[in-house]
Amino acid sequence: MTDEDEVRAVAAAFDEVLVGNDAEQVGNHLTDDWAYVGPDGIVPKSDLVDWIASGRLAHHTMTVVGDERLVRVGDTFVYTARKASSGSWDGTPYTTEEWITDLYVRHNGRWRCAFTQKTP
């Protein structure tokens, strides 16, 4: 399996883990210094994991709805895709479609997400 194939598989597995709402597994897919940047600013890994563990954030679906783009830069991959998702935030249901860009790095022998940026 090529590095590109591995990163695509890890990205798909990460979506499955998010939909499973297993905070520990979500955390295992991220580097310790992972951060998410979205319309409201920066969210550190600890916040995301805590939100999922408490049920404040729940993912129900996550589907790629457009082309995926994977670019290698040295030992790093930039993965971008248009995704549709649903879930709930503080008990309020949501559906959204957004561009997601993830930065994947090899860490301790496996690919992990080091950064995520979302654009509505």
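All of these numbers come straight from a predicted model, not from anything done at the bench.

K.L.:
How do you make sense of the environment of Arg72 when you look at a structure like this?
P.N.:
Note that Arg72 resides in strand 3 (residues 57-73). Residue contacts for Arg72: discarding those within four places in its chain leaves Asp3, Glu4 and Phe77. A polar atom in the side chain of Arg72 sits 2.9 Å from the side chain of Asp3. From its side chain, Arg72 meets the backbone oxygen of Gly74 in a polar contact 2.8 Å long.

K.L.:
Mind showing me how you'd approach helix 1 (residues 3-20) here?
P.N.:
Side chains of residues three or four places apart in an α-helix project in the same direction, reflecting 3.6 residues per turn. Taking 1.5 Å as the rise per residue, helix 1 with 18 residues should run 26 Å; its terminal C-alpha atoms sit 25 Å apart, in good agreement. Considered for burial, the residues of helix 1 that qualify are Asp3, Val7, Val10, Ala11, Phe14, Asp15, Val17 and Leu18. Seen end-on, helix 1 carries its buried residues on one side only, within an arc spanning 165°. What points out from helix 1, more than 90 degrees from its buried face, is the exposed set Glu16 and Gly20. Positive phi shows up at Asn21, right after helix 1, with a value of about 55°.

K.L.:
What's the story with the packing of aromatic side chains in this structure? I'm lost.
P.N.:
Counted according to the given criterion, the structure contains 2 aromatic pairs. On the numbers, 4.9 Å between centres and 80° between planes, the contact of Trp51 with Trp89 is edge-to-face. Taken as a pair, Trp51 in helix 3 (residues 45-54) and Trp89 in strand 4 (residues 76-89) lie far apart in primary sequence, 38 residues in all. We classify Trp89 as partly exposed; its relative accessible area is 31%. Ring geometry for Phe77 versus Trp111: centroids 5.2 Å apart, planes at 75°, classification edge-to-face. A residue pair is termed long-range when its members are at least 10 positions apart, and Phe77 in strand 4 and Trp111 in strand 6 (residues 110-119) qualify at 34 residues. Accessibility assignment for this pair places Phe77 and Trp111 in one class, buried.

K.L.:
How should I be thinking about the sheet that holds strand 2 (residues 41-44) in this particular structure?
P.N.:
Note on sheets: strands pair through backbone hydrogen bonds, and any given pair is parallel or antiparallel. Pairing in this open sheet of 6 strands is mixed, and the strands run 2-1-6-5-4-3 from one edge to the other. At either end of the open sheet lies a strand with only one pairing partner, and these are strand 2 and strand 3. Looking at each pair of strands side by side, their axes are set apart by 25° on average, direction ignored. Across 9 bridges, the pairing between strand 5 (residues 92-107) and strand 6 is antiparallel.

K.L.:
Where do I start with the layout of surface pockets in this structure?
P.N.:
A water-sized probe, rolled over the atoms, reveals where empty space remains. Taken as a whole, the largest pocket encloses approximately 690 Å³ of empty space. Lining the largest pocket are 26 residues, and of these Tyr36, Trp51, Leu57, Glu98 and Lys118 sit closest to its centre. Of all the elements in the fold, those that place two or more residues in the lining of the largest pocket are helix 1, strand 1 (30-38), strand 2, helix 3, strand 3, strand 4, strand 5 and strand 6. Counting residues per element, the lining of the largest pocket draws most heavily on strand 5, which supplies 5 residues. Across the lining of the largest pocket, the residue classes break down as 14 nonpolar, 6 polar and 6 charged.

Parameters at a glance
- Note on numbering: residues in each chain are counted from 1, in written sequence order.
- Under the rules for a predicted model, residues below a pLDDT of 70 receive no local features and side-chain atom pairs below 80 are neither given nor counted, while totals for whole chains, interfaces and linings still include all residues.
- Excluded from the side-chain calculation are hydrogens and water; included are all heavy atoms of the structure.
- Only DSSP runs of H or I with at least four residues qualify as helices, and only runs of E with at least two residues qualify as strands; both kinds are numbered from the N terminus onward.
- Every residue pair with non-hydrogen atoms within 4.5 Å of one another is taken to be in contact.
- Distance and chemistry together define a polar contact, namely a pair of N or O atoms within 3.5 Å, with one atom able to donate a hydrogen and the other to accept it when in protein, and with adjacent residues in sequence counting only for side-chain atoms on both sides.
- Helix span, as expected, comes to 1.5 Å for every residue beyond the first.
- Here the term buried applies to any residue with accessible area under 20% of the maximum for its type, exposed to any over 50%, and partly exposed to those in between, with areas from a 1.4 Å probe on protein chains only.
- To be clear, the arc concerns the directions from the helix axis to the C-beta atoms.
- Stacked, tilted and edge-to-face pairs are distinguished by plane angle, under 30 degrees for stacked and over 60 for edge-to-face with tilted covering the rest, among Phe, Tyr and Trp rings (Trp via its six-membered ring) whose centres lie within 6.5 Å.
- By this definition, two strands are paired if DSSP reports at least two bridges between them.
- Inter-axis angles, ranging from 0 to 180 degrees, are taken between N-to-C directions of lines fitted to C-alpha atoms, where helices are fitted over the stretch in contact.
- Of the grid points, spaced at 1 Å and generated over the protein atoms alone, those admitting a 1.4 Å probe that cannot get out make up cavities, while open sets with protein on both sides within 12 Å along at least five of seven lines make up pockets; any residue with an atom within 4 Å of a point is treated as lining.
- Grid points are joined across faces, edges and corners, and a volume is the space filled by probe spheres set on the points.
- All residues other than Ala, Val, Leu, Ile, Met, Phe, Trp, Tyr, Cys, Pro, Asp, Glu, Lys and Arg, Gly among them, are scored as polar; the first ten of these are nonpolar and the last four charged.

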